[in-house]
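Observations on chain architecture
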Amino acid sequence: MGRATANNGTAIVNRGNLVPYLVSPDGTASPFPRAADTLLAISADSDRIAYRTPAAIFIHQRSTGLDVFADSIAPNTPVDAALSDDGRSLLYLTRGRLAFFDGSNRRPLAKGALRATLSGDGEIAYATTEDARVVRIRTASGSIEEMIPRTPFVAPQTASATSGLVTTLSVAGLDSKPVVEVDGKPAPVFSTDPTGLRF
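A brief report on the enclosed structure follows. (Residues numbered from 1 in each chain as written. Predicted model: local features only at pLDDT ≥ 70, side-chain atom pairs only at ≥ 80, totals over all residues. Heavy atoms only, no water.)

Turning our eyes to something else, we now look at the sheet that holds strand S8 (residues 80-83). Taken in spatial order, the four strands line up as S8-S9-S10-S11 in an open sheet, and their pairing is antiparallel. Only two strands of the sheet have a single neighbouring strand rather than two, namely S8 and strand S11 (106-111). Sheet twist, expressed as the average angle between the axes of neighbouring strands with direction ignored, equals 20°. Where S8 meets strand S9 (residues 90-94), four bridges bridge the pair, whose relative direction is antiparallel. Looking across to S9, one finds that Leu 83 is bridged to Leu 90. (Pairing = 2+ DSSP bridges. Helix = DSSP H or I, 4+ residues; strand = E, 2+ residues; numbered from the N terminus. Axes fitted to C-alpha atoms, helices over the stretch in contact; angles between N-to-C directions.)

Encoded structure:
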């Protein structure tokens, strides 16, 4: 979701369970100076870097060496994040919860988000949702505007559905009680959630 390379060519590099690195424009790699699990995003000028530890999200300012605490997270929680161009604002997504941090205040923006991005000035976030919508969110007020309404989608399936076998489809934006037919006959729907249908 966030920028991995700054305008000057400085890049953040994550290497699995190994120490994350910063790679300068001349190709020199140096370990990130904090005990970080993952580097999440870098500002356009390369001065600020969002990173996570096992229990928190921070913004590190390279020019001052200071770190600003953004939010607590549970261990092993997936996190995706984006910084504004100046690195002062952070949009982050954890388990469907989209939140915004402006350097001193944090506010929830939406639940049920799958992916999101932040405008360069940090004033607008765009997100796709579990019910297959695209929304625009004003980060200062949290107001949400639907850009694209719920759009049902079923991912292409390589194997065919067979009577008597349970099949799972990757889906988005379906009605709460979808009807499924196999070979022209109704099939029982065992479960549905925002991203899957079992029949």
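Residues Tyr 126, Met 147 and Ile 148 make up a contiguous nonpolar surface patch of about 250 Å² in total accessible area. Relative to the helices and strands, Ile 148 is located in strand S15 (residues 144-148). Judged by relative accessible area, Ile 148 falls into the partly exposed class, the value being 43%. (Patch = residues over 30% accessible without salt bridge, like charges linked within 9 Å, V, L, I, M, F, W, Y side chains within 5 Å. Areas by Shrake-Rupley, 256 points an atom, 1.4 Å probe, with all protein chains shown as cover. Salt bridge = Lys/Arg side-chain N within 4 Å of Asp/Glu carboxyl O. Buried < 20%, exposed > 50% of the residue type's maximum accessible area, 1.4 Å probe, protein only.)

With that out of the way, let us pick up the side chain of Gln 61. Along the chain, Gln 61 falls in strand S6 (residues 56-61). Among the polar contacts made by the side chain of Gln 61, one reaches the side chain of Asp 47 at a distance of 3.0 Å. Discounting residues that sit within four places of it in the chain, Gln 61 has contacts with Asp 47, Arg 48 and Leu 66. (Polar contact = N/O pair within 3.5 Å; in protein donor to acceptor, adjacent residues only side chain to side chain. Contact = heavy atoms within 4.5 Å.)

Another aspect to go through is the pattern of salt bridges. The full count for this structure, using the stated rule, is nine salt bridges. Note that Glu 146 and Arg 133 form a salt bridge whose closest N and O atoms lie 3.2 Å from each other. With a gap of 13 residues between them, Glu 146 in strand S15 and Arg 133 in the loop between strand S13 (124-129) and strand S14 (134-138) connect regions that are remote in the sequence. Judged by its relative accessible area of 41%, Glu 146 is partly exposed.

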